[in-house]
Amino acid sequence: MMTQAFYTGISGLRNYSSGIDVVSNNIANISTVGYRAYNAEYTSLFEDTLAATTATISLQSVGSGVRMQTTSMSTEQGSLALSDRSTDIAILGEGWFGVQGEDNVIYTRDGGFNIDENADLVTTDGLYVLGTMGGNISSDNVLTQSLADVPLGDIGSVETLRFPKTLTYPPEPTTQASFIANIGTGYDPITVGASVIDPENNRNHLRLEFTKKATQTTPGSQYDVVATVESLDGETIYSTESGEVFFDDTGALISSTLSSIDNNGASVTINLGSEYSGVVSIDTTVSGSSTSDGTIGGDLQGYSISQDGEVIATFTNGKQSSVAQIAVFHFSNDQGLNRISGTRFEESANSGSAFFFQDADGNNIIGTEIQNYRLESSNYEIAGGLTELIILQRAYDANSKSITTADQMMQKALQMDA
């Protein structure tokens, strides 16, 4: 039995030493972004029974010690810490970011990303972040299409994400200008205007001048209208069109022969409304307003990441467009992932293959919430870790004492035999 005490004590020393290593590693990574803690799990070894008449473990049994059965990953959410970079992101819920390793995909909860000198979205040590590009950036760094979102592609088609440091939002020429105005009933010329964008990214002025005809045909009233597109400084006139406008005796618009005008290479439809919905001729205060479509071009201000994992480009003209979707991978068994380093993992037979969540229509989605200007801290609590470390250290000391006691008993037994 004294020999058994040696084996039991040595077993405890070996396994609690391993447990201390696990807890110490967790504590050492308490400040590591995206760190997933591991918990040591122990099991008792078979016990020897002193009573030969029973095969069950009883008060007369003698244990053979313990062994560390496994270490299991903690999947609890870590707290979110504020960051000053829009490309720093954190997963709130399940899932893993994917980054491209040398030969395989590496999975991590560390969302400390940035855009490097080659315009790639990378981790702090230069690994490429994976996702789906929107395909709306031309080779000469011009946005070809404004997208509200980029659908996440199939898992086998994920790619590294590259965003140019210079990107142009092209001008969208005005196609329609609508006017709401009361031109009154007098003979003084009345002018209303609208801002219009041409294909050369110029903001021009579309001016309409209404002049009441000297000779009127009743009932109703008739006006000549001259439309002019000119530069804002008035030095360049791009085109001029003339037409006639007809009102009924209540001042409601009946018809107009002025339909469109050229805006430095782009045709602009002129919408004067109908009846009382647009331009009217009523004997009250003269007023006017207008609306027009089209967008002035802009240059890139920067990139940010939305809560849906969309990479959003923002431009100096106030416009935004999604240019990529960051992928979030999922596994059937997260605890089955193989740890490569403190925050990086690879899939295994136990974890199963990575997959994407899908919505009711079968479209791939990230299946979780992403927060920008945030980083996920370690999910290990320092207070609990220190308590566990004390318990393991006490257990280690107790097993060390059991070996010392067994040694002393062995010495006395040998002395008695002498």
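It should be noted that the structure appears before, not after, this text.
Presented here is an overview of the structure given in this document.

Conventions we followed
- Residues numbered from 1 in each chain as written.
- Predicted model: local features only at pLDDT ≥ 70, side-chain atom pairs only at ≥ 80, totals over all residues.
- Heavy atoms only, no water.
- Helix = DSSP H or I, 4+ residues; strand = E, 2+ residues; numbered from the N terminus.
- Contact = heavy atoms within 4.5 Å.
- Areas by Shrake-Rupley, 256 points an atom, 1.4 Å probe, with all protein chains shown as cover.
- Phe/Tyr/Trp six-rings, centres within 6.5 Å; stacked < 30°, edge-to-face > 60°.
- Buried < 20%, exposed > 50% of the residue type's maximum accessible area, 1.4 Å probe, protein only.
- Lys NZ or Arg CZ within 6 Å of the ring centre and 35° of its normal.
- Salt bridge = Lys/Arg side-chain N within 4 Å of Asp/Glu carboxyl O.
- Polar contact = N/O pair within 3.5 Å; in protein donor to acceptor, adjacent residues only side chain to side chain.
- Core = buried A, V, L, I, M, F, W, Y, C linked by side-chain atoms within 4.5 Å.
- Pairing = 2+ DSSP bridges.
- Axes fitted to C-alpha atoms, helices over the stretch in contact; angles between N-to-C directions.

If you tally the helices and strands in the chain, you get 2 helices and 33 strands. Sequence-distant contacts in the chain: of pairs separated by 6 or more residues, those separated by 24 or more amount to 64%. On the chain, roughly 21,400 Å² of surface is accessible, and the fraction owed to carbon and sulfur atoms is 49%.

Turning next to the packing of aromatic side chains. Following the criterion strictly, the structure yields 9 aromatic pairs and no others. When the centroid spacing of 5.3 Å and the interplanar angle of 75 degrees are considered together, the rings of F97 and F113 count as edge-to-face. With F97 in strand β7 (residues 96-100) and F113 in strand β9 (residues 113-115), this pair connects stretches of sequence that are 16 residues apart. Using a relative accessible area of 0% as the deciding quantity, one classes F97 as buried. Aromatic rings pair up to connect Y107, F329, F331 and F356 into one cluster. Cation over ring: K212 sits above Y187, and NZ or CZ is 4.9 Å from the ring centre.

A word on the pattern of salt bridges. Using the criterion set out here, one finds 8 salt bridges in the structure. Across the pair R344 and D125 runs a salt bridge whose closest N-O atoms are separated by 2.7 Å. Linking R344 in strand β29 (residues 344-346) with D125 in the loop between β10 (121-123) and β11 (128-133), this pair joins segments that are 219 residues apart in sequence. Of the residues examined, R344 reaches a relative accessible area of 15% and is grouped as buried.

What follows concerns the side chain of Q371. Mapped onto the elements of the fold, Q371 is located in strand β32 (residues 369-372). Within the local environment of Q371, its side chain forms a polar contact with the side chain of E369, the two groups lying 3.3 Å apart. Ignoring any residue separated from it by four or fewer positions in sequence, one finds Q371 in contact with L80, D88, I89, A90 and L92.

Ranked by size, the top nonpolar core spans 38 residues in total, and within it F163, Y303, V311 and I326 carry the most contacts. Those elements that provide at least two residues to this core are β6 (89-92), β7, β8 (105-108), β24 (298-305), β25 (310-315), β26 (320-326) and β27 (328-329). With sequence-adjacent residues up to four places away left out, V311 is seen in contact with F163, Y303, S304, I305, S321, S322, V323, A324 and I326. Within the second largest apolar cluster, 24 residues are counted, among which are F179, I183, A194 and I261.

By relative accessible area, Q371 is classed as buried at 18%. Here the alpha-carbon distance between Q371 and I91, two residues 280 residues apart in the chain, equals 6.6 Å.

This part is about the sheet that holds strand β19 (residues 253-256). Across the sheet, 5 strands lie side by side as β15-β16-β17-β18-β19; this open sheet has antiparallel pairing. Only two strands of the sheet have a single partner each, and these edge strands are β15 (190-197) and β19. Put simply, the sheet's adjacent strands are angled 25 degrees from each other on average, direction ignored. Judged from the 8 bridges that link them, β15 and strand β16 (residues 203-212) form a sheet pairing that is antiparallel. In the sheet register, G193 faces β16, and the bridge partner there is R207.

What follows concerns unusual backbone geometry. Of the consecutive residues T218 and P219, the connecting peptide bond is found in the cis state with omega at -5 degrees. Take P219: it is sitting in the loop between β16 and β17 (221-231). With a phi angle near 70 degrees, A119 is a residue other than glycine that sits in the positive phi range. The residue A119 is located in the loop between β9 and β10 in this model. Phi angles above zero are rare outside glycine, and E275 is one such case at about 50 degrees. Under the relative-accessibility criterion, E275 is labelled exposed at 54%.

Tracing the backbone through its elements, the reader meets V105 in strand β8. Taking relative accessible area as the criterion, V105 reaches 24% and is therefore assigned partly exposed. Residues V105 and E347, 242 residues apart in the sequence, show an inter-C-alpha distance of 8.5 Å. Not counting residues within four places of it along the chain, the set of residues in contact with V105 comprises G98, V99, Q100, L130 and F345.

This brings us to the environment of A81. Tracing the sequence through the fold places A81 in strand β5 (residues 80-82). On the accessibility criterion, A81 (30% relative accessible area) is partly exposed. On a C-alpha basis, the gap between A81 and V33 in space is 9.2 Å, while along the polypeptide they are 48 residues apart. Ignoring any residue separated from it by four or fewer positions in sequence, one finds A81 in contact with Y373, R374, L375 and S377.

Below, the discussion takes up the side chain of S348. Summarising the element assignment, S348 is placed in the loop between β29 and β30 (357-358). Its relative accessible area of 17% is what places S348 among the buried residues.

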